[in-house]
Amino acid sequence: MNKLKPKLFRINTGSCNGCDVEFLATALVDKFQFHKLEVEIAEEISQANLLVITGPLTARSEPFLKSYINKLSEPYVVVGIGTCSITSGIFRDSYAINGPTDKVIDVDINISGCPPRPQSIAEGIAKGVAILNQKVQNVNISKQMDTILQGFEAPKSFRGKINLHANLCTACRTCETVCPSGAINITKIGDKYEHKVWHNTCCFCGNCVFFCPTGAIYNTNDFDTAKHQDEKYSDTNISYIKTDNCSSCNKRYKKPTTGLLKKAYINDDINKLNNNLCPECRKKENFTRMYL
Amino acid sequence: MGKTIKIGPFHPELEESVYFKLVADKNSIVQEVEIVNGFIHRGMESLVTNRNFMQNLILTERVCSLCSNNHPFTFVMAVEKIANIKVPSRAEALRVVADEIKRAASNLFNLAMLSHLTHSYELMKDTLETREYLQDLKETIWGNRMDMSVNLFTGVKYDLDAKKVVHILEKLNLAIPKIKELQKRFENDEIIKQRCVGVGILPTEKALEIGVTGPVARGSGINNDVRVKAPYSLYALRPELQPRTKPRNGCDVLSRAMARFDDIIEAVRIIKDLLSDLPRGKTYLEKRPHIPEGEAVVRTEAPRGELIYYLKTDGSQKPIRMRWKVPTYTNWEALKVMILGDKVENVTIILNSIDPCISCTER
Ligand code: SF4
Ligand code: SF4
Ligand code: SF4
């Protein structure tokens, strides 16, 4: 069987250090299983067949990256480490950024995270090596890939992929407002609100979780973020937030959730609140009850 | 006639992208240095003015992931100065705990890279393994190995219960003997001595003239640690916490490495002192303040030295100006002094000895 010795070359296109530091930790600390992949570090780009890219691709790096890429020879694979390299992450709307990486070179594997855990980085590189071998053997590249490196776990407290308890969410948009990388999008579609989180834009900072008034949004400890490029735009978390009919005027409105009501009425029994009214009708009713 | 040598901008021995053009004579002694920068410029001074204060808590972390607690720490202190907020003392303590953990981990990474560059394989492995105690800690307590997301204007986002305190102490107690042993090994290792003693000299007068900070200054006989000279946060409230390091006088790569070990050992001491006597109370103020029009300058001691934040606000949700003076900005100037007259083969080791943070400097 044809097998190529993977030779890795890393290019930092303007990272905050995080991804590069953690890449080095991945490569040099045994517990991350990187040595199992038998990857060699190439001294020169021209010897490399496994290109690892970090950073959002600054305008200054772009011409250098292009000239380095020209020195590569087929077959090779490209692995992007960090949210920055996938979508330019937290820096993406800056004048100094020309990225993300896939504008300049075809990427095979993306590893989201900010920075990703070394376990995810090792897994991403393992997938990169697998694709390299498929390219050498000229077989069809598999897009759905199983986890290669086994035995990795994350502590419960690890800030991994975002998820939502849709029943607690009031579509208040606090999370959207505090999210530094624009990873959350809340849109009204018909009678519902769509709450969407892009895992490849998210920098896993937990700001949304901290500021959410109802405890609806949370970090799971899921660190399975090494994905094929084909999944770049589909790796999302989508939830729908229902609206209800106002019992008086029949208009659709978003009912406050129990989580929110408990916060507002700390000394009252929230079950006794008349909460089937839209804000306007509630105002009217309260006014009638109290003053007329 | 000299030989021109180019290193970079992308090179396995350079953690960050930078481009060196050197002219060396026939004995490989560097005669001229030109350093080409700008690869890590992400336009952050503009970005922060397009983000609200809450988003900037995180964006400032991404200036640099190695000192990613110091940036938001300094940023929130500037906001608090403008809005006249006094944070609970428990929050101050938790900020310092996080900051010192980062300091220790950042310095250990630099030392690991030094041993990597000298090809001292065992030493490098052991240094990185020791750093893993801190990385694991950061991940279990704060949720990420690099970016801890701790700071908030009005306090901090996390709290420590008794179980977590015990966990931190247990991990630190495992790490301390390893750190002390590593320091001895670095000091006595033959290869390290060969490559680091008398290499990359920065004489004390030059260091003063350039105004270097942090471990670079402490390696050249100057201690201008902000935590001592202009204490802030809990370092001001509890002076006994201030680091008690003495500067090293070798003015070379090894002295700077030793200054980093001194910093790590003091960082761990500070955390242990704090955890044995954590102030009680709230971790942040419930009420989120309005941030009025104003200006503030704040300085702190980052792992690499003095960090200064300038912040200007106009009463809106976003800063109208934010500027940084980062430690590497002054330390970088010292590189030319260190590299000129030294050997070409030492250039990457000398560069590593100022623990450059290019992403801070070019932002
Ligand atoms: S993905 Fe995050 S950690 Fe990695 S370079 Fe970008 S900002 Fe830094
Ligand atoms: S997740 Fe929380 S912050 Fe976001 S819209 Fe829902 S309730 Fe508001
Ligand atoms: S963790 Fe939340 S706030 Fe942070 S980037 Fe991801 S979605 Fe945005």
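Residues numbered from 1 in each chain as written. Chains lettered and ligands numbered in written order. Predicted model: local features only at pLDDT ≥ 70, side-chain atom pairs only at ≥ 80, totals over all residues. Heavy atoms only, no water.

## Overview of the pattern of salt bridges
Residue and element names in this part refer to chain B. For the structure shown, the criterion picks out 45 salt bridges over all chains. Across the pair Arg103 and Glu100 runs a salt bridge, and its minimum N-O distance is 2.9 Å. With a gap of three residues between them, Arg103 and Glu100 both fall in helix 4 (residues 89-117), about one helical turn apart. Side by side, Arg103 and Glu100 carry an identical accessibility label, which is buried. Here the salt bridges do not stand alone but share partners, grouping Asp99, Glu100, Arg103, Arg218, Asp225, Arg227, Asp263 and Glu301 into one network. (Salt bridge = Lys/Arg side-chain N within 4 Å of Asp/Glu carboxyl O. Helix = DSSP H or I, 4+ residues; strand = E, 2+ residues; numbered from the N terminus. Buried < 20%, exposed > 50% of the residue type's maximum accessible area, 1.4 Å probe, protein only.)

## Quick word on the site of ligand 3
Taken together, 13 residues form the shell around ligand 3, and within it A:Cys179, A:Cys202, A:Cys203, A:Cys205 and A:Cys208 come nearest. When the residues that make up the shell around ligand 3 are grouped by side-chain class, the tally is 10 nonpolar, three polar and no charged. (Near = heavy atom within 4 Å. Nonpolar A, V, L, I, M, F, W, Y, C, P; charged D, E, K, R; others polar.)

## Some words on the pairing of strand 4 (residues 77-81) of chain A
Residue and element names in this part refer to chain A. Counting buried residues in strand 4 gives five out of five residues, a clear majority hidden from the surface. Along strand 4, one buried face is formed by Val77, Val79 and Ile81 and the opposite face, lined by Val78 and Gly80, is buried too. Tracing the backbone out of strand 3 (residues 50-54), into helix 2 (residues 62-69) and back to the parallel element strand 4 gives a crossover that is right-handed. Relative to strand 5 (residues 109-111), strand 4 is paired through three bridges, and the arrangement is parallel. Along strand 5, the bridge assignment pairs Gly80 with Asn110. (Right-handed = clockwise from strand over helix to strand, strands pointing away. Pairing = 2+ DSSP bridges.)

## Quick look at helix 13 (residues 327-339) of chain B
Residue and element names in this part refer to chain B. Helix length check: helix 13, at 13 residues, gives a terminal C-alpha distance of 19 Å against a target of 18 Å (1.5 Å per residue), a fit within 8%. At Glu333, helix 13 shows its maximal bend, which comes to roughly 25°. Residues of helix 13 that are buried: Pro327, Thr328, Thr330, Asn331, Trp332, Ala334, Leu335, Met338 and Ile339. Gly341 occupies a position one or two residues after helix 13 and carries a positive phi of about 85°. (Expected span 1.5 Å × (residues − 1). Bend = angle between axes of the 7 residues up to and from the residue.)

## Focus: the domain arrangement of chain A
Residue and element names in this part refer to chain A. Domain boundaries assigned for chain A yield domain 1 (7-136), domain 2 (162-222 + 230-242) and domain 3 (244-291). For domain 2 versus domain 3, the distance between C-alpha centres works out to 25 Å. The partner domain 3 presents eight residues to the 10 residues of domain 2 that form the contact. Per-residue buried area on domain 2 facing domain 3 is highest for Thr170, Asp191 and Lys242; these three make up 50% of the total on that side. (Domains from an automatic or database assignment. Contact = heavy atoms within 4.5 Å. Buried area = accessible area lost by both parts, 1.4 Å probe.)

## Concerning the site of ligand 1
With respect to spatial proximity, the complete set of residues near ligand 1 consists of A:Ser15, A:Cys16, A:Gly18, A:Cys19, A:Gly82, A:Thr83, A:Cys84, A:Phe91, A:Gly113, A:Cys114, A:Pro115 and B:Arg62. Bordering ligand 1 are residues originating from chains A and B. Its atoms largely coinciding with the cavity grid, ligand 1 occupies the second largest cavity. For the shell around ligand 1, the per-class residue count stands at six nonpolar, five polar and one charged. (1 Å grid on protein atoms, 1.4 Å probe; cavity = no way out; pocket = protein on both sides within 12 Å on 5 of 7 lines; lining within 4 Å. Sits in = over half its atoms within 2 Å of the grid points.)

## Quick word on a nonpolar patch on the surface
All names here are of chain A. Together, Phe287, Met290, Tyr291 and Leu292 make up a nonpolar patch on the protein surface, roughly 530 Å² of accessible area in all. With respect to the element layout, Phe287 can be found in helix 8 (residues 279-291). A relative accessible area of 46% places Phe287 in the partly exposed class. (Patch = residues over 30% accessible without salt bridge, like charges linked within 9 Å, V, L, I, M, F, W, Y side chains within 5 Å. Areas by Shrake-Rupley, 256 points an atom, 1.4 Å probe, with all protein chains shown as cover.)

## Notes on the sheet that holds strand 8 (residues 321-325) of chain B
Within a sheet, each strand pairs with its neighbour through backbone hydrogen bonds, oriented either parallel or antiparallel. All names here are of chain B. The strand order across the open sheet formed by three strands is 6-7-8, and the pairing between neighbours is antiparallel. Edge positions in the sheet fall to strand 6 (293-302) and strand 8, since each of these pairs with one other strand and no more. Neighbouring strand axes in the sheet, compared pairwise and without regard to direction, differ in orientation by 10° on average. Bridging between strand 6 and strand 7 (residues 305-314) involves 10 bridges; their strand directions are antiparallel. Bridged to Val297 within strand 7 is Tyr310. (Axes fitted to C-alpha atoms, helices over the stretch in contact; angles between N-to-C directions.)

## Thoughts on the pairing of strand 2 (residues 19-24) of chain B
Residues and elements named next belong to chain B. Within strand 2, five of the six residues are buried, which leaves it mostly tucked inside the rest of the structure. Note: strand 2 against strand 3 (residues 30-36), six bridges, orientation antiparallel. Its bridge partner being in strand 3, Ala24 is matched across the sheet by Val30.

## Regarding the interface of chain B and chain A
If you look at the interface, chain B gives 61 residues, while chain A gives 54 residues. For the pair chain B and chain A, the summed buried surface comes to about 4,700 Å²; carbon and sulfur atoms form 57% of the total. Viewed at the interface, chain A and chain B are joined by seven salt bridges. When the shortest N-O distance is used, the salt bridge between A:Arg117 and B:Glu139 registers 2.7 Å. Put simply, chain B and chain A have 28 residue pairs in polar contact (both at pLDDT 80 or more) between them. Elements represented by at least two residues in the side of chain B that touches chain A include exactly helix 1 (44-49), helix 2 (53-59), helix 4 and helix 5 (121-142) of chain B. Among the elements that take part in the side of chain B that touches chain A, helix 5 of chain B stands out by supplying 12 residues, more than any other. Split by residue class, the side of chain B that touches chain A holds 28 nonpolar, 18 polar and 15 charged. (Polar contact = N/O pair within 3.5 Å; in protein donor to acceptor, adjacent residues only side chain to side chain.)

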